[in-house]
Amino acid sequence: LGFSGENINPNDEIYKNIKSGLGGVILFDKDPNDKNKRKNVRNKEQLKNLTAQLQAISKEKLLISIDQEGGIVQRLKKEDGFVDTLKASDVALKGENFAKQTYELLAKDLKQSGINTDFAPVVDLAINKENKVIVTRGRSFGQEPQIVTKYASIFVDELKKEGVISTLKHFPGHGSSLADSHLGFVDITKTWDKKELEPYKYFIKNNKADMIMTAHVFNENLDKNYPATLSYSVNTKLLRQELGFKGVLITDDLQMSAISKHYDLKQTLTLAINSGVNLLLFANQLAKPITLKEIVDTVYSQILSEQIRLEKIIESNKKIDELLEKI
């Protein structure tokens, strides 16, 4: 869950959530509802204190996550005392040594700040030059799987050295899309190419995929009814059975319009869990945050009415426990 606050105390909702078993938090710098306000990050010292406070609440390890890719997507910014990282498309132009130095510094920054999970690297291929969410923002390392795999691999290795979990995104590929899933429905049926799976194949085969993030993209050749995040065909048949992924699968933010405009909470949670997802992400970037209680109560009622199998939850917890051992 996302939450607001630069520090926390026992009266805060997020404190109580962690105490009662919340799996992780996602941190942001700016408050999207008031650009002049900070959400969680002011500077390095403050962030270190915040993550230490969060981690101390429960005996269980907490996933403390952030989007730190470089370029336009970095929540830890230079003006707040953090390392500035170039966007992926620029890093790929400067060669492997430069990439290694770049991601080593980024990984050390995360580690020193108490962040143990990075929602990066992007392994989308820059297939569609007009793609506004990935390609024109320079978030992809390139058009070819070999280039993307080479640089994303360096990123993953450097994170691993610092005990930070990496997250490959956005499965099964967002680089050919025309639309932005933050804003609404994204159909990649006519533009998606099978080669967008190549980076995932490489990381899975080489046992380097800690976590994978789903994309809110729809491809009727993969699933006639549902976007990838909610699709059993994509998340279990393709990713688990065909590609052999055994790690943790996390959703992209479930409050993004591609999902929230089309499905209510009950449908979203039921479909996501049944599709093979292990972790649910609610960034709480909207004016009205969702509560842990709402989510847990909904899942619980769906288990009682046998819409979700309890085994799914147990299986996910096993995978998450294995992931936590990497921190």
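Quick notes on the rules
Residues numbered from 1 in each chain as written. Predicted model: local features only at pLDDT ≥ 70, side-chain atom pairs only at ≥ 80, totals over all residues. Heavy atoms only, no water. Helix = DSSP H or I, 4+ residues; strand = E, 2+ residues; numbered from the N terminus. Salt bridge = Lys/Arg side-chain N within 4 Å of Asp/Glu carboxyl O. Buried < 20%, exposed > 50% of the residue type's maximum accessible area, 1.4 Å probe, protein only. Pairing = 2+ DSSP bridges. Phe/Tyr/Trp six-rings, centres within 6.5 Å; stacked < 30°, edge-to-face > 60°. Lys NZ or Arg CZ within 6 Å of the ring centre and 35° of its normal.

Let's talk about unusual backbone geometry
In terms of backbone geometry, most residues other than glycine have negative phi values and most peptide bonds are trans.
Move 1: A cis geometry characterises the amide bond from lysine 169 onward to histidine 170, with omega recorded as 5°.
Move 2: Examined against the element boundaries, histidine 170 turns out to sit in strand β8 (residues 165-171).
Move 3: With an omega of 5°, the peptide bond between phenylalanine 171 and proline 172 qualifies as cis.
Move 4: By secondary structure assignment, the location of proline 172 is in the loop between β8 and β9 (186-187).
Move 5: Phi is positive for asparagine 284, which is not a glycine, with a value near 50°.
Move 6: The residue asparagine 284 is located in the loop between α9 (265-275) and α10 (292-304) in this model.
Move 7: In this model, glutamate 306 sits at a positive phi of 60°, which is unusual for a non-glycine residue.
Move 8: Position of glutamate 306 relative to the elements: it lies in the loop between α10 and α11 (310-324).

Here's the deal with the pattern of salt bridges
Move 1: On inspection of all chains with the given rule, the structure shows 19 salt bridges.
Move 2: Measuring nitrogen to oxygen at the nearest pair gives 2.9 Å for the salt bridge that ties arginine 38 to aspartate 80. Here the residue arginine 38 occupies a position in strand β3 (residues 34-38), and aspartate 80 occupies one in the loop between β6 (73-74) and α3 (88-93), the gap between them amounting to 42 residues.
Move 3: The salt bridge partner of arginine 309 is glutamate 311, with a shortest N-O separation of 3.3 Å.
Move 4: The exposure class of arginine 309 is partly exposed, given its relative accessible area of 48%.

Thoughts on the sheet that holds strand β12 (residues 248-250)
Move 1: Spatial ordering of the open sheet is given by β1-β4-β7-β8-β10-β12, a layout of six strands whose pairing is parallel. Either end of the sheet is taken by a strand with one partner, and the two such strands are β1 (24-26) and β12.
Move 2: Bridge analysis of β1 against strand β4 (residues 63-66) gives three bridges, and the strand direction is parallel. Across the sheet, residue valine 25 finds its bridge partner in β4, namely isoleucine 64.

Focus on the packing of aromatic side chains
Move 1: Across all of its chains, the model carries six aromatic pairs by this definition.
Move 2: A centroid spacing of 6.3 Å and a plane angle of 90° characterise the contact between tyrosine 103 and phenylalanine 141, whose relative ring orientation is edge-to-face. In this pair, tyrosine 103 is assigned in helix α4 (residues 96-113) and phenylalanine 141 in the loop between β7 (117-118) and α5 (145-161), connecting sequence segments 38 residues apart. With respect to class, tyrosine 103 is no different from phenylalanine 141; both count as buried.
Move 3: Taking 6.0 Å as the distance between ring centres and 25° as the angle between the ring planes, the aromatic pair formed by phenylalanine 141 and tyrosine 151 counts as stacked. Of the two residues, phenylalanine 141 is situated in the loop between β7 and α5 and tyrosine 151 in helix α5; the sequence distance between them amounts to ten residues. In this structure, phenylalanine 141 and tyrosine 151 share a single accessibility class: buried.
Move 4: Residue placement shows lysine 94 over the ring face of phenylalanine 98; its charged tip is 5.5 Å from the ring centre.

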